Amino acid sequence: MQNPLPSFVLDSEATNGSAVNCMPTNPEPEKPAAAGSDEQLMVAFSRGSTDAFGELFSRYKQPLFGFFRRRLADPAQAEELTQETFLAVIRASSRYEPRALFRTYLYAIACKILRAHRRKAAFRFAFLGAAAAVREPEFENGIDAEVLLRQAMRKLERLDREILMLREFEQLSYGEIAELLALPVNTVRSRLFRARMALRNLLAAPAPKPSAAHLAQSEGGL
């Protein structure tokens, strides 16, 4: 994804006063080292350090874009929601308290934004029809291992698929997943195990052979 957010968002938000006017002004903001923890950087940003936000954005722009991209068909929408998530972080920065890992805090915001996006898409679908339907990511890279994996994952139950992606792609801990999805840790463990076994069985199953009718239909379309 592109990297415009730190350079233009902070300036525009400061200009219209909608997001950072509630942040305490600091004439000499702290400039934490790049090696600081996520939580330290977020605290520094809440006290006025734009350098701290720039470092957080650099660390999480690609992981967060990947989070949305794996759940949305349109990469432009994934980028839009990524920036929306960082904007939400900016707007809520004055209320931030390091009670949990920043990563958990960030993905909790991302999950809320994704749910809101899906609700809006479902609402549009009710009035506009299939053109506005919520779709899973589509890929046109041929039949290869990645495509087969994604096709198999679509067949999992939605909650199982979400837990599996949060664990395998976002690499969140069981506790973080439990907090994000409001589930007991043991439920996360059991459903993750079930999702992995189901995915393994789906990948081990032979690919269905096309029927004679399907072949005839395909040939007729050439």
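Quick look at the structure, then. Worth saying up front: this structure is predicted, and the values here are computed from it rather than measured.

1. Notes on the overall build of the chain
At step 1: Within the chain, the secondary structure is distributed over ten helices and zero strands.
At step 2: Listing the helices and strands of the chain from first to last along the sequence gives α-α-α-α-α-α-α-α-α-α.
At step 3: Expressed as a percentage of the 222 residues in the chain, the buried residues total 37%.
At step 4: Within the chain, residue pairs in contact and separated by at least 24 positions form 60% of the contacts whose partners lie at least 6 positions apart.
At step 5: Of the roughly 13,100 Å² of accessible surface on the chain, 55% is carried by carbon and sulfur atoms.

2. Re unusual backbone geometry
At step 1: At glutamine 171, a position not held by glycine, the phi torsion is positive, near 55 degrees.
At step 2: Relative to the helices and strands, glutamine 171 is located in the loop between helix 7 (158-168) and helix 8 (174-181).
At step 3: The exposure class assigned to glutamine 171 is exposed, which follows from its relative accessible area of 55%.
At step 4: The backbone of alanine 182 shows a phi angle near 55 degrees, a positive value even though the residue is not glycine.
At step 5: Tracing the backbone through its elements, the reader meets alanine 182 in the loop between helix 8 and helix 9 (185-204).
At step 6: Alanine 182 gets classed as exposed once you look at its relative accessible area, which sits at 69%.

3. Points about the packing of aromatic side chains
For any pair of aromatic rings, geometry is given as the distance between the ring centres together with the angle between the planes.
At step 1: For the coordinates displayed, the defined rule picks out nine aromatic pairs.
At step 2: Judged by centre distance (5.6 Å) and plane angle (65 degrees), the ring pair of tyrosine 60 and phenylalanine 102 falls under edge-to-face. Placement of tyrosine 60 in helix 3 (residues 50-69) and of phenylalanine 102 in helix 5 (residues 102-128) is noted, with a sequence separation of 42 residues between them. For the pair formed by tyrosine 60 and phenylalanine 102, the shared burial category is buried.
At step 3: Every member of this aromatic cluster is reached through a ring pair, and the members are Phe45, Phe53, Phe57 and Phe86.
At step 4: Positioned above the aromatic ring of tyrosine 174, the side-chain terminus of arginine 167 is 4.5 Å from the ring centre.

4. Examining the nonpolar core
At step 1: Grouped together as the largest cluster of nonpolar side chains are 45 residues, with contacts concentrated most on Met42, Leu64, Phe67, Phe68, Phe102 and Leu164.
At step 2: Those elements that provide at least two residues to this core are helix 2 (38-46), helix 3, helix 4 (75-91), helix 5, helix 6 (145-154), helix 7, helix 8 and helix 9.
At step 3: At nine residues, the largest contribution of residues to this core is made by helix 3.
At step 4: What methionine 42 contacts, discounting residues up to four positions off in sequence, is Leu56, Val89, Ser93, Tyr96, Phe102 and Tyr105.

About the criteria used
Along each chain, residue indices are assigned from 1 in the same order as the chain's sequence is written. Given that the model is predicted, a residue must reach a pLDDT of at least 70 before its local features are reported, and side-chain atom pairs must reach 80 or more before they are shown or counted; all residues, however, enter totals for whole chains, interfaces and linings. The side-chain values count all of the structure's non-hydrogen atoms but skip hydrogen atoms and water molecules. Put simply, DSSP H or I for four residues or longer makes a helix, DSSP E for two residues or longer makes a strand, and each gets a number counted from the N terminus. Working definition: with a 1.4 Å probe on protein chains only, accessible area under 20% of the residue-type maximum means buried, over 50% means exposed, and in between means partly exposed. Contacts are assigned to residue pairs that have any heavy atoms within 4.5 Å of one another. Areas reported as accessible are Shrake-Rupley estimates using a 1.4 Å probe. Residue values count occlusion only from the protein chains shown. We call Phe, Tyr and Trp rings a pair once their centres come within 6.5 Å, taking the six-membered ring for Trp, and we label the pair stacked below 30 degrees between planes, edge-to-face above 60, and tilted otherwise. Lysine NZ or arginine CZ positioned within 6 Å of the ring centre and within 35 degrees of the ring normal marks a charge as sitting over the ring. In this description, a nonpolar core means a group of buried Ala, Val, Leu, Ile, Met, Phe, Trp, Tyr and Cys residues linked to one another through side-chain atoms lying within 4.5 Å.

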